[in-house]
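What follows is each chain in one-letter form.
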Amino acid sequence: MKLAPVALAACGGGNSEVGEFNSDWVGNEIEIKSLIDPKIDGVICHLSYFDRGFWDPVGKGNWFENPSNSSISCLQTGPFTIRNIDLDKSGEEIFDQNQSLIFKQLAVRRIYGADSDSLMYVSFSRKITNSSAKMSLSTVPLYDRDVTWERGKPTP
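Residues numbered from 1 in each chain as written. Predicted model: local features only at pLDDT ≥ 70, side-chain atom pairs only at ≥ 80, totals over all residues. Heavy atoms only, no water.

Asks: Even after reading the chapter, I still don't get the state of the cysteines, so can you show me in this structure?
Replies: Covalently bonding the sulfur atom of one cysteine to the sulfur atom of another cysteine gives a disulfide. Summed over the entire model, instances satisfying the criterion amount to one disulfide. Shown here is the disulfide that connects C45 with C74, its sulfur atoms set 2.1 Å apart. Judged by the sign of its S-S torsion, about 105°, the cystine formed by C45 and C74 is right-handed. Of this pair, C45 sits in strand β3 (residues 40-51) while C74 sits in strand β4 (residues 70-82), and the two are 29 residues apart along the sequence. An identical accessibility class is assigned to C45 and C74; each is buried. (Disulfide = S-S within 2.5 Å. Helix = DSSP H or I, 4+ residues; strand = E, 2+ residues; numbered from the N terminus. Buried < 20%, exposed > 50% of the residue type's maximum accessible area, 1.4 Å probe, protein only.)

Asks: What exactly am I supposed to notice about the nonpolar core here?
Replies: Nonpolar side chains tend toward joint burial in soluble globular proteins. In this structure, I40, V43, L47, V108, L119 and Y121 are the most contacted members of the largest nonpolar core, which totals 21 residues. Contributions of two or more residues to this core are made by β3, β4, β5 (92-98), β6 (105-113) and β7 (118-125). Considering each element in turn, this core owes the most residues, five residues, to β3. Contacts of V108, omitting those with residues within four sequence positions, involve L35, L47, I72, E92, E93, I94, F95, Y121, V122, S123 and F124. (Core = buried A, V, L, I, M, F, W, Y, C linked by side-chain atoms within 4.5 Å. Contact = heavy atoms within 4.5 Å.)

Asks: How do you make sense of the sheet that holds strand β2 (residues 29-36) when you look at a structure like this?
Replies: Think of a sheet as strands paired side by side through backbone hydrogen bonds, with each pair either parallel or antiparallel. If you walk across this open sheet you meet the five strands as β1-β2-β3-β4-β9, and the pairing is mixed. Of all the strands in the sheet, the pair left with one neighbour each is β1 (16-22) and β9 (147-149). Averaged over all pairs of adjacent strands, the angle between their axes in this sheet comes to 30°, without regard to strand direction. Pairing analysis gives nine bridges linking β3 to β4, with the strands arranged antiparallel. Bridge pairing in β4 links L47 to I72. (Pairing = 2+ DSSP bridges. Axes fitted to C-alpha atoms, helices over the stretch in contact; angles between N-to-C directions.)

Spatial relationships are all this shows, so hold off on functional conclusions.
Listed below in C-alpha cells is the structure:
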C-alpha cells in the first residue's frame, strides 16, 4: 500500500526520493528522500522512513497507516546562505508528509542554536506511539564555516 506523499507549500521544490529498497519478503520498503531547506543554501538532509507494502496490512490489519519511525542525517554541501529563518526555540517546519489516511504525519523541523552556532534538524511523528514520540536528530555546525546571514548573524 503506497500512501501518496503530501508536501506542504513551505517545503519548496527540492524534496525528492533518492532511494528505496524492500526491507522484507512481504514488500515493505525503506524510502529515502533528499530535503532541501527552503531558507538555507548549503544544507541537504536525507530522511529515511518505512513504507508498508500490500501484504503487511493484509496480514496485520490497519490498512491506512505507516509506522512512525524515521531517521535524518544532514550535511553541508557548500557555502551557507541563511535567509530569514525563525530564531525562536521552536524553530520552523521545513517538511511534512502524511503517513496515514488521517492523523499521522512525518515532519522535519529546523532549529538554530545560537549558543552552539549550529542548525538542528529533527524528524518526528505527530502521532504518539506507545507513550512516546518517534524522532531523530541531525546537527550541522556553522562555527568556523563560510556563512552569509542575509539579515545579520544573531547574537547568543
